[in-house]
Amino acid sequence: DAGGYRRRRRNSLRSKVMEAVKKVSESGGSITLDPMNSAERRMVHVLLEGNKDIASLSKGDGAKRHVILAKKS
């Protein structure tokens, strides 16, 4: 964890996800997050694990794999 990079990245990602969750909740649509590595995608899925309103889904291949957040039906 050179210079706290992982901690900063985790906090940044958490903030982006929470902002996206708010937008999805308000709009009822879906949001596609930027491509990210498997550890970061997992972090997103774990963050939303207990969320009863928002679902997360990984889509794409290789370096272009990303997470989609959508309102649960």
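In this text the structure is predicted, and so the values were computed from the model without any measurement.

Student: Any chance you could break down helix α1 (residues 5-27) for me, citing the residues and the numbers?
Tutor: For α1, with 23 residues, the first-to-last C-alpha span of 33 Å sits near the 33 Å given by 1.5 Å per residue. Of all the positions in α1, only Leu13, Val17, Ala20, Val21 and Val24 are classed as buried. In this structure, the buried side of α1 is in contact with β1 (30-32), α2 (38-47), β2 (54-59) and β3 (66-71). Just downstream of α1 lies Gly28, where phi reads positive at about 80°.

Student: I'd love a proper account of the pairing of β3, names of residues and values included.
Tutor: Two strands pair when backbone bridges link them, and β1 and β3 are joined in this way by 3 bridges, in the antiparallel orientation. Across the sheet, the residue bridging to Ile31 is Leu69, located in β3. Inspection of the sheet shows β2 paired to β3 by 6 bridges, in the antiparallel sense. Looking at the pairing, Leu57 lines up with Ile68 of β3. Between β2 and the antiparallel strand that follows it, β3, lie 6 residues; Gly60 among them carries a positive phi value of about 105°.

Cut-offs applied
Residues numbered from 1 in each chain as written. Predicted model: local features only at pLDDT ≥ 70, side-chain atom pairs only at ≥ 80, totals over all residues. Heavy atoms only, no water. Helix = DSSP H or I, 4+ residues; strand = E, 2+ residues; numbered from the N terminus. Expected span 1.5 Å × (residues − 1). Buried < 20%, exposed > 50% of the residue type's maximum accessible area, 1.4 Å probe, protein only. Contact = heavy atoms within 4.5 Å. Pairing = 2+ DSSP bridges.

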